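# Fold and geometry: a report
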Amino acid sequence: MRRFTFATGNLRKVLALPLYGLGALVTVFVPRTNNLWVFGSGSGVGEGALALFKYARTTNPSLRLVWLARNARDLETATKLGLETVLASSAQGFWLTVRARVVVLTHGFGDANRFGTRGAFIVQLWHGIPYKHVHLDSAATLRVPFLSRFGFVQRGMRKAYAQSASAIRLFSTASPFSAARIQTAFGLPTGRIVITGDPRDDIITTETRDEARALIADRLGLPTLPERILMYAPTWRDGELDPAIPTETDWERIQAYVTATKSLLIVRSHPLGAGDYSAGLSESIRMLGADLQADVNPLLPGVDVLVTDYSSIAFDYSLTGGEIIYLAPDVNDYNDTRGAYEPYRDFSGGTDVGDWPAAIELLERADGDTKFRKQLLTHTDWLAHRVHSFRDGHNTARVYTAILARLSGDDSPISVPFGLAVDALNITAEPSPSLVIGGPVGGPVPATATLTGTRLALPGKLTVSGRRWTATVPLLSSRWKSTPLPPPSGTYRVRVADADDRPIDLNVSAAIPSALLRPGLFRASFTSTSTLNVTFAAPLTDAELGQENQSRLESRYRAASAPLEDAVFLESYYGRNVSSNPRGIDRALSVLRPEVARYWSVTDASVEVPEGATAVVEGSAAWWDARASARMLIVNDWLRKRYRKRSGQSVLQTWHGTPLKTIALDRKGVRLPAAIATRRERSRWDLMLAQNDFSAGAFRSSYAFRGPIWQEGYPRNDILLTGDAAAVRARLGISTQAKVVLYAPTWRDDRPGKVDLLDVAAFSEALGAGYVTLIRGHSRTMQPGTDVVAAGVLDVTTYPDISDLFLVADALITDYSSVMFDFSVTGKPLYFYVPDLEHYRDELRGFYFDLLETAPGPVVTDPDRLAASILHPDPAAYEARYAAWRQRFNPRDDGHAGNRVVDRLTIEGFL
């Protein structure tokens, strides 16, 4: 069953806009009562709101305190606790919210009556220390059904969330660690955020284990409990099912473990989570959901081992000092779609696992290995000290004191020292750009410094001299033994760690420099939370940066009238790399027509262009000028709406592969806006290049293209017959003796992250010694995710040109990717791993032909069978199919396609 999602919640807010307006109008005329405080919590009667309610009632009996219940069950619970309570959504709930001087929340304004909060003193206690991005830091938070695709909707939601957050007058946090994350998430000034400790955590440090166990027994209706209690508590996934719901085999394994250890496993699904765990319930495996106990924290002192994923419960539970097992089967997808404030390995201590069998193995290991158990407990203790500034049980008292102080006009901050001081911060220019940070030595002693981004980590040199530490991180790096290049655009985290590789939070007091431009390299800007982040962008000058400057440059581009230059403008995959057919044509141009200028469109200076060519960074004046002056544009994807064709200018659309899956207008359910955009893009092309007659027909139908389609073979495949495989192996660091298997799946329209249907670590292990598995993500999945790191595996997703990888691969594994049509040029074995064949073919994309009937290699859905097929090949079984395949799809891939294209462009007057 699907539960609450951000998208549906936001839609309800949009539909309720008239009520917001009406409520705001009422608050203008109705005065607030100083001694009336109202409380609410999105997870039921509990959390820090209940702790503060009880404390305020005891401390100041003259206050009128009212609990705003979400539903009838909360009304009943609050009444049993002796709280004055009303339904938040009722007329009385609205009136009390309008009259209250103080409104205390744990989740959001919906905890109270959201239409009556304007003008109140809003106290936000929040409901946990965030690991995952929240509020303004998370794109998921701003979704609206059907409308999120529109930029103005996203901007409007962001503005609405920021405006709503600005009403918070006091935000209580557990530590500077938490405060830094909350500040960026809610966009609040420092003075609104106080470090008091979380009231919700007081019970963890004051309640005894026996008291907590008694509460667990009562909620489960059990007379006694076994000595050992485990709790599984996953986070929610915006309405999606928990991916770690145990299978039948998993349940058997879990049951065997709890029986053998005489334990009780409590399954605590998130209050907003989704998933059915009933198949595994037994006398020793019990559900204890929010329906039985709204607030989980009173249970935690009675729990001996916690199993969780990304939930903030890990931060709360760390106060108990118990073992934590981190079970995260979807860590890459989750972090790509939701976002996280730190690498998962820092949160988990690096012992996380991806499935229940591995989790049980960790539990068994901790039971029998004292050293390993100590490692888990040490991480728990480190986590507690990192995120909780106070562990004395007086957090609620500090929050109450802070509220009274703010109400009386005292805005003095409540703060505590933390982390490693940074009082110097800069990016040097000479002799080579480097990030340099430093500060006084005190507290944790730094040992290493690294600048870490998506698929790239830049190591630094850390020195301690006297009473100061300094970290220097060179910003030019040689990836794949290339020319030293600046980092690809994106945000990078400065990770400073101690001698045990535990991250040290940074307390930045240095003045944060404004954006720094290093001409021709990058533009850098900084943000500081509990970590220091550096964002690199294309090296646009001040005169090129921003919408106003881009509009001016585009206007100049559209008005260009100077004679066209004897030049070509080349772009591959929107400038993310230099590869594919434009690269193959570039090779031929450099030999056959060296006098023709070659301009390569690149996203930033991290993309290396061929010798003799000129890089033009997208959006720069040079980029606009090259598009305006080049006689020929050669691209393998869309030009998009900023392109205006000049008289005498031509566009060669090479495309980027023979399609198995349907594309453009041939796809199922193409909507009118997409169809219009497709036809508009098609109108910008003068010529198309097809690998074969089949793809020429597909292009005719998918783009309704009526212009010339040349079938000269694919220039990108010339290198497969003329390239130097030994040089590529050396560049990759692969020995000449190793057998190389390349896994190159396509992307999935319904999954934004990388495809991980094949466990390449397990697959590589199955192949055994002597094999190297290369994994290559699709160009659309290049940016999200992290590289796969495992024995015998090399992640080559960021390698510039996949054609080089075909050279060194002894076999290719793919699914529905067009690489199948290119790799067959080599004559080497092809394997098709398609565990989602029916879903992809019948629901997601559709095929132009039946792969099962024509595939020139084994088509398998089981990874064990895939490994067996590679270890024990039977080439004779597919010899006839392979020959027919090559005849159909590679008739002109003979190593000279690039030359033929250049010759024809010259003869027909395009160049």
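Located above this text is the structure these notes cover.
Residues numbered from 1 in each chain as written. Predicted model: local features only at pLDDT ≥ 70, side-chain atom pairs only at ≥ 80, totals over all residues. Heavy atoms only, no water.

## A few points about the packing of helix 14 (residues 356-368) against helix 15 (residues 370-387)
Note the threshold: The axes are straight lines fitted to the C-alpha atoms, using for helices just the contacting stretch, and the angles between their N-to-C directions are given from 0 to 180°. Secondary structure elements are taken from DSSP: a helix is a run of H or I of four residues or more, a strand is a run of E of two residues or more, and numbering for both begins at the N terminus. When an angle is under 35 degrees it counts as roughly parallel; over 145 it counts as roughly antiparallel; between 65 and 115 it counts as roughly perpendicular; any other value is oblique. By convention the crossing between two helices is left-handed if the near helix lies anticlockwise of the far one by an angle smaller than a right angle, and right-handed if it lies clockwise. The contact rule is simple, with two residues in contact once any of their heavy atoms fall within 4.5 Å. Residue classes follow a fixed rule: Ala, Val, Leu, Ile, Met, Phe, Trp, Tyr, Cys and Pro count as nonpolar, while Asp, Glu, Lys and Arg count as charged, and any other residue, Gly among them, counts as polar.
At a minimum axis distance of 5 Å, the contact between helix 14 and helix 15 shows a crossing angle of 110 degrees. By the angle between their directions, the pair helix 14 and helix 15 is classed as roughly perpendicular. The element helix 14 and its partner helix 15 pack so that their crossing is left-handed. Between helix 14 and helix 15, the residues in contact are L362, R365, A366 and G368 and T370, F372, R373 and L376, respectively. Within the contact of helix 14 with helix 15, the residues separate by chemical class into 4 nonpolar, 2 polar and 2 charged.

## Quick notes on the nonpolar core
Basically, it comes down to this: To define a nonpolar core, start from buried Ala, Val, Leu, Ile, Met, Phe, Trp, Tyr and Cys residues and group those joined through side-chain atoms within 4.5 Å. Summary of the burial criterion: residues with accessible area below 20% of their type's maximum are buried, those above 50% are exposed, and those between are partly exposed, where the area comes from a 1.4 Å probe applied to protein chains only.
One finds V568, M632, I634, L652, F699 and L905 to be the most contacted residues of the largest nonpolar core, which totals 54 residues. Not counting residues within four places of it along the chain, the set of residues in contact with L905 comprises M632, I634, L652, L687, W710, F910 and L911. Residues L720, L732, M820 and F823 belong to the second largest nonpolar core, which totals 43 residues.

## Quick look at the packing of helix 18 (residues 580-592) against helix 31 (residues 897-907)
To describe two helices that pack against each other, one gives the angle between their axes and the distance between the axes. With their axes 8 Å apart at the nearest point, helix 18 and helix 31 run at an angle of 65 degrees to one another. Both helix 18 and helix 31 take part in a crossing whose hand is right-handed. Residue-level contacts link G584, I585, A588, L589 and L592 of helix 18 to G898, N899, V901, V902 and D903 of helix 31. Its residues assigned to classes, the contact of helix 18 with helix 31 comprises 6 nonpolar, 3 polar and 1 charged.

## Description of the environment of V134
Tracing the backbone through its elements, the reader meets V134 in the loop between strand 5 (121-124) and helix 6 (151-165). Owing to a relative accessible area of 8%, V134 belongs among the buried residues under this scheme. Taking the C-alpha atoms as reference, V134 lies 8.4 Å from F186; in sequence the two are 52 residues apart.

## Things to note about the packing of aromatic side chains
In plain terms, the rule: Ring pairs shown here join Phe, Tyr and Trp side chains whose ring centres sit within 6.5 Å, with only the six-membered ring taken for Trp; geometry is labelled stacked below 30 degrees between planes, edge-to-face above 60, and tilted in between.
Evaluated as defined, the whole model comprises 46 aromatic pairs. For the ring pair W655 and Y703, a centre distance of 5.4 Å and an interplane angle of 70 degrees mean the geometry is edge-to-face. Pair noted here: W655 is in the loop between strand 29 (650-653) and helix 20 (672-682) and Y703 is in the loop between helix 21 (693-702) and strand 31 (709-710), with a separation of 48 residues, a long-range link. The buried category is assigned to Y703, whose relative accessible area is 3%.

## Quick look at the side chain of S41
Quick reminder of the rule: Counting of polar contacts relies on pairs of N or O atoms within 3.5 Å, with two restrictions inside protein: one atom must be capable of donating a hydrogen and the other of accepting it, and residues adjacent in sequence are counted only when both atoms are side-chain atoms.
Tracing the sequence through the fold places S41 in the loop between strand 1 (33-39) and helix 3 (47-59). Within the local environment of S41, its side chain forms a polar contact with the side chain of T106, the two groups lying 2.9 Å apart. Not counting residues within four places of it along the chain, the set of residues in contact with S41 comprises G46, E47, W67, R70, T106, H107 and D111.

## With respect to the pairing of strand 1
For the record, the criterion: A pair of strands is treated as paired once DSSP finds two or more bridges between them.
Two elements, strand 1 and strand 4 (residues 100-105), share 4 bridges in a ladder whose sense is parallel. Among the inter-strand pairings, T33 is bridged to a residue of strand 4, identified as A100.

## Concerning the sheet that holds strand 17 (residues 456-459)
Read from one edge to the other, the open sheet built from 6 strands follows the order 17-16-20-24-23-22, with strand pairing classed as antiparallel. Strands at the two margins of the open sheet, each flanked by one partner only, are strand 17 and strand 22 (516-518). Across the sheet, the mean angle separating the axes of adjacent strands is 25 degrees when strand polarity is ignored. Pairing of strand 16 (residues 448-453) with strand 20 (residues 490-497), which is carried by 5 bridges, proceeds in the antiparallel orientation. Counted as the bridge partner of L451 is V494 from strand 20.

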